[in-house]
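Observations on the three-dimensional arrangement
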Amino acid sequence: MQTLIQGAGAFIWPLGFCSFLALYLIIERALALRVSRVAPETVVKAVLAGQLDQVGAADGESVAGRLVQRWKDGASGEVLKAWARHELIRLQRGLHLLDSIVAGAPLLGLLGTVAGLATLFPEQGIPDTQTLTRGVGLALSTTLIGLCIAIPALLAANWLARRLEVLSSRLDVLVEALEMLANLDQIEGQ
């Protein structure tokens, strides 16, 4: 492991930064996209059953709870859908950086590969053994590290995207149920 890190040379710093940032983003978004923080089952069931009085202040910490509260405050129709889109954008926070790491880490590895191979061709002709070893080491190390960052980040990004899609669907159902309740209230009010 030490040889791998030493072999990466100066490229270990940007690759290390990518690694730590990817890990932070994956953990932070995994915690933020929990069902209990976005669309708790109790809130969704209460709205679908038309029992909005069961949605309390404690549920206001979740996205679904905030949407119900906005509906209670009079937001409906396109306004409520706009709030739902706003909440979804907030849930996507940081995922674009994870996508950039997925694309950028292998490119940094490739840049290290090219830099390592470039040292193999000095102006004098054939490189000495130490230069050859250092150049090949840099080429292989940076490529390996870049791929070791990108592959798990890609898997995590896909998992988070799917999780966001499922939660988005739950919020869509919630908003439509609130719309139906608003329409029923208008019919009963006439």
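The structure we're discussing is the one just above.
For the structure given in this document, a descriptive report is provided here.

Remarks on the packing of helix 2 (residues 12-32) against helix 7 (residues 95-118)
For any two helices packed against each other, the geometry comes down to the angle between their axes and how far apart the axes lie. Contact pair helix 2 / helix 7: the axes reach a minimum separation of 10 Å and the direction vectors enclose 155°. By the angle class used here, helix 2 and helix 7 are roughly antiparallel. As helix 2 packs across helix 7, the resulting crossing turns out to be left-handed. Between helix 2 and helix 7, the contacting residues are P14, L15, C18, L21, A22, L25, I26 and R29 on the first element and L95, L97, L98, I101, A105, L108 and G109 on the second. Tallied by class, the residues present in the contact of helix 2 with helix 7 amount to 13 nonpolar, one polar and one charged.

Re the side chain of R29
Within the secondary structure, R29 is located in helix 2. A polar side-chain atom of R29 sits 3.3 Å from the main-chain carbonyl oxygen of R93. Residues contacting R29, with those up to four places away along its chain left out, are R90, L91, Q92, R93, L95 and L160.

Some remarks on the pattern of salt bridges
Under the definition given, this model contains eight salt bridges. Here R93 makes a salt bridge to E28, at a shortest N to O gap of 3.4 Å. Of the two residues, R93 sits in the loop between helix 6 (78-91) and helix 7 while E28 sits in helix 2, which places them 65 residues apart along the sequence. Here E165 ties to R162 by a salt bridge, and the two come within 3.0 Å at their closest N and O atoms. Here R162 and E165 lie together in helix 8 (residues 129-189), a separation of three residues that amounts to about one turn. With a relative accessible area of 49%, R162 lands in the partly exposed category.

Things to note about the nonpolar core
Ranked by size, the top nonpolar core spans 45 residues in total, and within it V47, L67, V68, L91, L171, L174 and L178 carry the most contacts. Mapped onto this core, the elements with two or more residues apiece are helix 2, helix 4 (41-48), helix 5 (63-72), helix 6, helix 7 and helix 8.

A few points about the packing of aromatic side chains
Inspection of every chain in the model, using the stated rule, returns zero aromatic pairs. Directly above the ring of W83 sits R70, whose terminal nitrogen or CZ lies 3.7 Å from the centroid.

Procedures and definitions
- Residues numbered from 1 in each chain as written.
- Predicted model: local features only at pLDDT ≥ 70, side-chain atom pairs only at ≥ 80, totals over all residues.
- Heavy atoms only, no water.
- Axes fitted to C-alpha atoms, helices over the stretch in contact; angles between N-to-C directions.
- Helix = DSSP H or I, 4+ residues; strand = E, 2+ residues; numbered from the N terminus.
- Parallel < 35°, antiparallel > 145°, perpendicular 65-115°, else oblique.
- Left-handed = near helix turned anticlockwise from the far one by under 90°.
- Contact = heavy atoms within 4.5 Å.
- Nonpolar A, V, L, I, M, F, W, Y, C, P; charged D, E, K, R; others polar.
- Polar contact = N/O pair within 3.5 Å; in protein donor to acceptor, adjacent residues only side chain to side chain.
- Salt bridge = Lys/Arg side-chain N within 4 Å of Asp/Glu carboxyl O.
- Buried < 20%, exposed > 50% of the residue type's maximum accessible area, 1.4 Å probe, protein only.
- Core = buried A, V, L, I, M, F, W, Y, C linked by side-chain atoms within 4.5 Å.
- Phe/Tyr/Trp six-rings, centres within 6.5 Å; stacked < 30°, edge-to-face > 60°.
- Lys NZ or Arg CZ within 6 Å of the ring centre and 35° of its normal.

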